[in-house]
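# Working through the structure, step by step
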Amino acid sequence: MAKSKVYVTRMIPEAGIELLGEMCDVEINPEDRPLARAELLENVRGRQGVIGLLGDRIDSEFFDAAQEIKGYANYAVGFDNIDVGEATRRKVPVSNTPDVLTDATAEMAWSLLFAVARRVVESDQVMRAGDWSGWGPLQFIGGDVTGKTLGILGAGRIGTAMALMSKGFKMKVLYTDSSPQKTNLVLEEELGARKVGLEELFEESDFISIHVPLRPETRHLFNAASFKKMKKTAYLINTARGPVINEADLVEALRDKEIAGAALDVYEFEPRMAEGLSILDNVVTAAHTGSATESARKNMAILAAQNLLAMLSGKRPPTCLNPEIYE
Ligand code: DGY
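Here the structure is a predicted model, which means the values were calculated and not measured.

### Thoughts on unusual backbone geometry
Cis rather than trans, the peptide bond between Glu-270 and Pro-271 has omega equal to 5°. Mapped onto the elements of the fold, Pro-271 is located in the loop between β11 (261-264) and β12 (283-285). Here the phi dihedral of Phe-140 falls at roughly 50°; this positive angle occurs in a residue that is not glycine. Within the element layout of this structure, Phe-140 appears in the loop between α6 (120-128) and β6 (149-153). For Lys-170, which is not a glycine, the phi torsion comes out positive at approximately 50°. Accessibility expressed as a relative area gives 62% for Lys-170, which makes it exposed.

### A look at the site of the ligand
Around the ligand sit Leu-54, Ala-76, Val-77, Gly-78, Leu-101, Arg-241, His-288, Ser-291 and Met-300, and that is every residue in its neighbourhood. Between Gly-78 and the ligand, the recorded distance is 2.8 Å, taken from a backbone N or O atom to an oxygen atom. In this structure, an oxygen atom belonging to the ligand sits 2.7 Å away from a side-chain N or O atom of Arg-241. Calculation on the ligand without its partners gives an accessible area of 230 Å², and the protein chains cover 89% of this total. Taken together, the residues of the shell around the ligand break down into 5 nonpolar, 3 polar and 1 charged.

### Overview of the nonpolar core
Of all hydrophobic cores here, the largest spans 50 residues; its most connected members are Ile-51 and Leu-150. No other element matches the 10 residues that helix α5 (residues 102-117) contributes to this core. Taken domain by domain, this core gets at least three of its residues from each of domain 1 (4-100 + 294-326) and domain 2 (102-285). In this structure, Leu-150 is in contact with Trp-110, Leu-113, Met-162, Ala-163, Ser-166, Met-171, Lys-172, Val-173, Leu-174 and Phe-207, ignoring residues within four places of it in sequence. Phe-202, Ile-210, Val-251 and Tyr-267 belong to the second largest nonpolar core, which has 30 residues in total.

### Structural notes on the side chain of Thr-319
Its location among the elements puts Thr-319 in the segment after α12 (294-312). Judged by relative accessible area, Thr-319 falls into the buried class, the value being 15%. Here Asn-96 takes part through its backbone oxygen, which lies 2.7 Å from a polar atom of the side chain of Thr-319. Aside from chain neighbours lying at most four places away, what touches Thr-319 is Val-94, Ser-95, Asn-96, Pro-98, Leu-303 and Asn-307.

### Here we look at the sheet that holds β12
Overall, parallel pairing links the 7 strands, which are arranged β8-β7-β6-β9-β10-β11-β12 in an open sheet. Unpaired on one side and paired on the other, β8 (194-195) and β12 mark the two borders of the sheet. Judged from the 4 bridges that link them, β6 and strand β9 (residues 207-210) form a sheet pairing that is parallel. Residue pairing across strands places Leu-153 opposite Ile-210, the latter belonging to β9. α5 contacts β6, β9, β10 (235-238), β11 and β12 of the sheet and is inclined by roughly 150° relative to β10. Set on the sheet, helix α7 (residues 157-164) makes contact with β6, β7 (172-176) and β9; between it and β6 the angle comes to about 170°.

### Quick notes on α12
Helix length check: α12 (19 residues) gives 27 Å between terminal C-alpha atoms against 27 Å at 1.5 Å per residue, within 8%. Within the span of α12, buried status applies to Ala-296, Met-300, Ala-301, Leu-303, Ala-304, Ala-305, Asn-307, Leu-308, Leu-309, Ala-310, Met-311 and Leu-312. Downstream of α12 by a residue or two, Gly-314 has a phi angle that is positive, lying close to 80°.

### As for the packing of aromatic side chains
One pass over the structure, following the stated rule, counts 8 aromatic pairs. Between Trp-110 and Phe-114 the ring centres are 5.9 Å apart and the planes differ by 35°, which places this aromatic pair in the tilted class. Separated by 4 residues within a single helix, Trp-110 and Phe-114 lie in helix α5, roughly one turn from each other. Residue class for Trp-110 comes out buried when judged on its relative accessible area of 7%.

### Thoughts on the domain arrangement of the protein chain
Structurally, the protein chain comprises domain 1 (4-100 + 294-326) and domain 2 (102-285). The gap between the C-alpha centroids of domain 1 and domain 2 is 31 Å. Residue-level contacts link 9 residues of domain 1 with 5 residues of domain 2. For the pair domain 1 and domain 2, the summed buried surface comes to about 580 Å²; carbon and sulfur atoms form 48% of the total. For domain 1, the biggest contributors to the area lost against domain 2 are Leu-54, Asp-80 and Asp-99; these three give 62% of the whole. Run the count over domain 1 and domain 2 and you get 2 salt bridges. If you look at where domain 1 meets domain 2, you find 3 residue pairs in polar contact (both at pLDDT 80 or more). Of the residues belonging to the side of domain 1 that touches domain 2, the class tally is 6 nonpolar, 1 polar and 2 charged.

Thresholds applied
- Residues numbered from 1 in each chain as written.
- Predicted model: local features only at pLDDT ≥ 70, side-chain atom pairs only at ≥ 80, totals over all residues.
- Heavy atoms only, no water.
- Helix = DSSP H or I, 4+ residues; strand = E, 2+ residues; numbered from the N terminus.
- Buried < 20%, exposed > 50% of the residue type's maximum accessible area, 1.4 Å probe, protein only.
- Near = heavy atom within 4 Å.
- Polar contact = N/O pair within 3.5 Å; in protein donor to acceptor, adjacent residues only side chain to side chain.
- Areas by Shrake-Rupley, 256 points an atom, 1.4 Å probe, with all protein chains shown as cover.
- Nonpolar A, V, L, I, M, F, W, Y, C, P; charged D, E, K, R; others polar.
- Core = buried A, V, L, I, M, F, W, Y, C linked by side-chain atoms within 4.5 Å.
- Domains from an automatic or database assignment.
- Contact = heavy atoms within 4.5 Å.
- Pairing = 2+ DSSP bridges.
- Axes fitted to C-alpha atoms, helices over the stretch in contact; angles between N-to-C directions.
- Expected span 1.5 Å × (residues − 1).
- Phe/Tyr/Trp six-rings, centres within 6.5 Å; stacked < 30°, edge-to-face > 60°.
- Buried area = accessible area lost by both parts, 1.4 Å probe.
- Salt bridge = Lys/Arg side-chain N within 4 Å of Asp/Glu carboxyl O.

Put into C-alpha cells, the structure is as follows:
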C-alpha cells in the first residue's frame, strides 16, 4: 500500500519525525522559519497529513488547499489557530498536545514571576554593562513572593500545576474558572485555594498568572479598566496567549505605574511586541519559550506524530479536538 504523504511545517524534534517515517513519506519545511501563508497553502496540496505550529492558520482556505487531508496535528496545546468547527464540518480530525508540556509551562510562569518580582533582568543588564558600583541598601528592591496572594486566571492543567508549585511559598491562592459550576478540588484541598470572580481576582491578587485559552471572551480580558482594578503593587504573568492582554494598554499601565510589573512569554502580535514595551524597566520579556524543555518538546513531537498516525489509519487520535466526527 502506498505510504501517506505528510508535511511538517517546521522542523520538530527527531523523535516525532522518526515515528512518522516508519509509516509515511515525510517532507519537512527545510528552513528553520515559519512558512509564509502562500507557502503553507502550496506545500499542503496533495498531503494526507500535516503537522503544523501555532502560527499556521488552519481554516477553510487551508482545507481548500489540502483537499486530500485526513488529519491535522497541532504541535501545541493551544489551538486558537485552528477553526475546529470548519474541520468538523469537513470531517477532518484535528488534535493538539496537552499534558506533555504542563510542568514545563508552569515552571516558566514561575521563572517569569521571580524574574520580574526580583528584578533579575534589570540587574543582569547593569552587571553586563559594567555599571554596578557595588552593593547598596536601596538597589533593585523588588516585591516579596512568600506569603503573598497568587491569582490563577484559568485553573486548568497548567494553571493548576502552577498553583500547586506555590506550596513552598506559603501563598494564598485564588483562582477563576469559566464554568460557574466547576470547583478545582485539588487546589481547594491541597492549598485551601478559593474560587473567585474576575473582579476579586483583579483586586486581591499580588500576582496574577494567566492560563486561559484564547477565545473571543478572553481576548483583551486585561485592558486599561482591569489594570486600574489591580493593586499598584501587583505583577501580571502571561504564559498563555498574547491577545488576552491589550498590549498597548499594558504599556500605559506599566509606564503610569498602575501595576508594579509584568512578565510576558507571549504577545498580542507575535513575533512583535507593542511599541514602548522594550524601554520599560518593569517588564520582563521572553520569546514564547513556555514549553521549551528537552522533554516537553520531544514529547510534543511524539504525541503529534501519534495523533497523526492514528488519524491517517482512520482511528481516533489520543488527543482529538473534534472526537464527535468518530461517533
Ligand atoms: C502551546 O503549546 O500552546 C504553546 O504555546 C507552545 O508550546
